[in-house]
Amino acid sequence: MTENLKIPKQAARQYPKPPEGSWTEHYPELDTEPVSYENSISPEFFELEREAVFKRAWLNVGRVEQLKRKGSYFTKDIPGLKTSLIVVRGKDDKVRAFHNVCRHRGNKLVWTDYPAEEVSGTCRQFACKYHGWTYDLEGTLTFILQEGEFFGIDKSKYGLVQVHCDVWKGFIFVNFAAEPEQSLHDFLGPMITAIDYPFEKLTQRYYYRGDINSNWKIFHDAFQEFYHPPILHGHQNPVMRQTDYQDLGFYTSYFQAEGPHRVGSTSGGAGGKLVPEFYNPIEQVMRSGLFGPWDPSEIVTDQLPPGLNPGNKKNWGLDSFQIFPNFAIVFWETGWYLTYHYWPVTHNRLLFEANAYFTPPRNVRERLAQQLGIATIKEYALEDCGTLEATQMGLESRVVTQFPLGDQEFMCRHANKVINTWVADYQQKQAKG
Ligand code: FES
Ligand SMILES: [Fe+2]
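Residues numbered from 1 in each chain as written. Chains lettered and ligands numbered in written order. Predicted model: local features only at pLDDT ≥ 70, side-chain atom pairs only at ≥ 80, totals over all residues. Heavy atoms only, no water.

1. As for the packing of aromatic side chains
Enumeration according to the criterion identifies 37 aromatic pairs in this entry. A ring pair is formed by Tyr340 and Tyr342, whose centres lie 6.5 Å apart and whose planes are at 55°; its orientation type is tilted. The same class applies to Tyr340 and to Tyr342, which are both buried. Of note, Arg63 hangs over the ring of Phe171, and the distance from its end group to the ring centre comes to 4.4 Å. Sitting over the face of the ring of Trp111, Lys129 holds its NZ or CZ atom 4.8 Å from the ring centroid. (Phe/Tyr/Trp six-rings, centres within 6.5 Å; stacked < 30°, edge-to-face > 60°. Buried < 20%, exposed > 50% of the residue type's maximum accessible area, 1.4 Å probe, protein only. Lys NZ or Arg CZ within 6 Å of the ring centre and 35° of its normal.)

2. With respect to the domain arrangement of the protein
Assigned domains of the protein: these are domain 1 (9-39 + 190-432) and domain 2 (59-179). On a C-alpha basis, the centres of domain 1 and domain 2 stand 33 Å from each other. Roughly 1,400 Å² of surface becomes buried between domain 1 and domain 2 when both sides are summed, with 67% attributable to carbon and sulfur atoms. When the buried area of domain 1 at its contact with domain 2 is split by residue, Phe199, Phe327 and Trp343 rank highest and sum to 34% of it. (Domains from an automatic or database assignment. Buried area = accessible area lost by both parts, 1.4 Å probe.)

3. Re the nonpolar core
Ranked by size, the top nonpolar core spans 100 residues in total, and within it Phe219, Tyr340 and Phe352 carry the most contacts. Residue contributions to this core reach at least three from each of two domains, namely domain 1 (9-39 + 190-432) and domain 2 (59-179). With residues up to four places along the chain from it excluded, the contact list for Phe219 reads Ile212, Ser214, Tyr342, Leu350, Phe352, Cys385 and Leu388. Tyr73, Val110, Val119 and Trp133 belong to the second-largest nonpolar core, a separate cluster that totals 18 residues. (Core = buried A, V, L, I, M, F, W, Y, C linked by side-chain atoms within 4.5 Å. Contact = heavy atoms within 4.5 Å.)

4. Let's talk about the coordination of the iron ion (ligand 2)
Protein ligation of the iron ion (ligand 2) involves His228 (NE2), His233 (NE2), Asp384 (OD) and Asp384 (OD), the donor distances falling in the range 2.1 to 2.5 Å. Motif for the iron ion (ligand 2), donor spacing along one chain: H-x4-H-x150-D. Pair noted here: His233 is in the loop between helix 4 (229-232) and helix 5 (245-248) and Asp384 is in helix 7 (residues 364-396), with a separation of 151 residues, a long-range link. By relative accessible area, which is 2% here, His233 ends up buried. Asp384 gets classed as buried once you look at its relative accessible area, which sits at 3%. (Donors = N, O, S within 2.8 Å, 3.2 Å for Na, K, Ca; no water. Helix = DSSP H or I, 4+ residues; strand = E, 2+ residues; numbered from the N terminus.)

5. A word on the sheet that holds strand 3 (residues 83-89)
Strand pairing in a sheet is mediated by backbone hydrogen bonds. Such pairs are either parallel or antiparallel. Reading across the sheet, the seven strands line up as 1-10-9-4-3-2-5 and stay open at both edges, with antiparallel pairing between neighbours. Of all the strands in the sheet, the pair left with one neighbour each is strand 1 (59-63) and strand 5 (120-122). Within the sheet, the average angular offset between the axes of one strand and its neighbour, ignoring direction, is 30°. As paired strands, strand 4 (residues 95-99) and strand 9 (residues 162-168) are joined by two bridges and run antiparallel to one another. Along strand 9, the bridge assignment pairs Ala97 with Val163. The sheet strands contacting helix 2 (residues 184-193) are strand 9 and strand 10 (171-175), and the helix crosses strand 9 at an angle near 25°. (Pairing = 2+ DSSP bridges. Axes fitted to C-alpha atoms, helices over the stretch in contact; angles between N-to-C directions.)

6. A short note on the environment of Thr75
As for its placement among the helices and strands, Thr75 is situated in strand 2 (residues 72-78). A C-alpha to C-alpha distance of 8.8 Å links Thr75 and Glu117, two positions 42 residues apart in sequence. If near-sequence neighbours (up to four positions away) are discounted, Thr75 is found in contact with Ser84, Leu85, Asn100, Val110, Glu117, Glu118 and Val119.

7. Observations concerning the pattern of salt bridges
The final tally for this structure, using the stated rule, is 24 salt bridges. Here Glu138 ties to Lys91 by a salt bridge, and the two come within 3.7 Å at their closest N and O atoms. Here Glu138 is found in the loop between strand 7 (134-136) and strand 8 (141-143), whereas its partner Lys91 is found in the loop between strand 3 and strand 4, with 47 residues between them in sequence. For Glu138, a relative accessible area of 23% gives the class partly exposed. In this structure Lys91 comes out as exposed when scored by relative accessible area, which is 52%. One salt bridge in this structure joins Arg349 and Asp211, with 2.7 Å as the shortest N-O distance. One end of the pair, Arg349, is in strand 17 (residues 349-358); the other, Asp211, is in strand 11 (residues 204-212), with 138 residues separating them in the sequence. On the accessibility criterion, Arg349 (31% relative accessible area) is partly exposed. Sharing partners across several salt bridges, the network here consists of Arg56, Glu181, Asp425 and Lys429. (Salt bridge = Lys/Arg side-chain N within 4 Å of Asp/Glu carboxyl O.)

8. Comments concerning helix 2
Among the residues making up helix 2, those that are buried are Leu184, Phe187, Leu188, Gly189, Met191 and Ile192. Down the axis of helix 2, the sector holding all buried residues measures 160°, keeping them to one side. Along helix 2, exposed side chains directed more than 90 degrees from the buried face belong to His185, Asp186 and Pro190. In this structure, the buried side of helix 2 is in contact with strand 9, strand 10, strand 12 (252-258), strand 13 (261-266), strand 14 (318-323) and helix 8 (410-432). (Arc of directions from axis to C-beta.)

Below, the structure written as structure tokens:
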């Protein structure tokens, strides 16, 4: 029905070109040569990456709202490291993380029906299902069945194995290093810690996950550039089929990299307000869709929260902050945010997690608008997933080994570079002993 509609000229917005040439050339450490994706297809590289990246960087495992009161806990499996964590709020309100392994004979300590499923709840202590060894919320071993037969065992030496854990703006991070090389605050750096968003007000959470046959970085890259949607997703939404579409929306108008992290800002395309008649009928009725609810949530004011829109762009609609290595936060102009996690399982398999956070809906219409938003985004993400498996197959053929990246693929290039740098740095340190 909307096939033949044309976007009115006045709706087309001008997107600023990067200053003097290109975004990429503004970062001299990034060259403009084609890149290799050997780091996404090599099992040997994956082994290195686990040590060099996932055991050295701070990793986000959840939010404090998941731990509402003392004794609240959740388990978080980290498949690439073949481990599971218990993240728990102690009696002192402090959030701690422990390896989810009983010190007696190694049973996974906290699980319910299926050992491979993550669980959450509230408790006073953790008791092992095998022989009943019990640990308090601070990880101290408090009970051994038939303790008298354990040759004078010293319980204080058999607490749960703790993992470094710290919280930034309600995001819980862990670090698997014996001693992290940087504090969480220093690791995140000024660009990320400048963000002062009212996260605590967005407590309505929608979650989905996918098990995908591609390297984690291949998926990561699909959400690090915003110019593929008209091609890959064009048939899903009439607005994307417009010849003028790319002038309207999905070009990234600002890039910034800082340390291992990066951000890209676009117009966000909260398109409903732009040309509502180009959207699918359900989107028009519900005033929601791919870009989330069209109407601003109650946190939206004239003033953007500090740290957002770092390029100070006029037509700002979305910031996609990519927090190294596998965590992204996407802020939308209508006052909600998404997080993505890319958890490697093997060199060619990942678990992808998406969470969407909104303010609690005030009525049925708002609730439905939120649900339509997240359901629509999931549709698009599924479409990305299919392509990623095809990309992985193409790369694994090794028929082609060098791939040109455009300026809009700045974040893909930066991510690729950072991974290789972290691995090289680790190898150097290992060589020095
Ligand atoms: S393995 Fe946990 S109590 Fe025996
Ligand atoms: Fe996509």
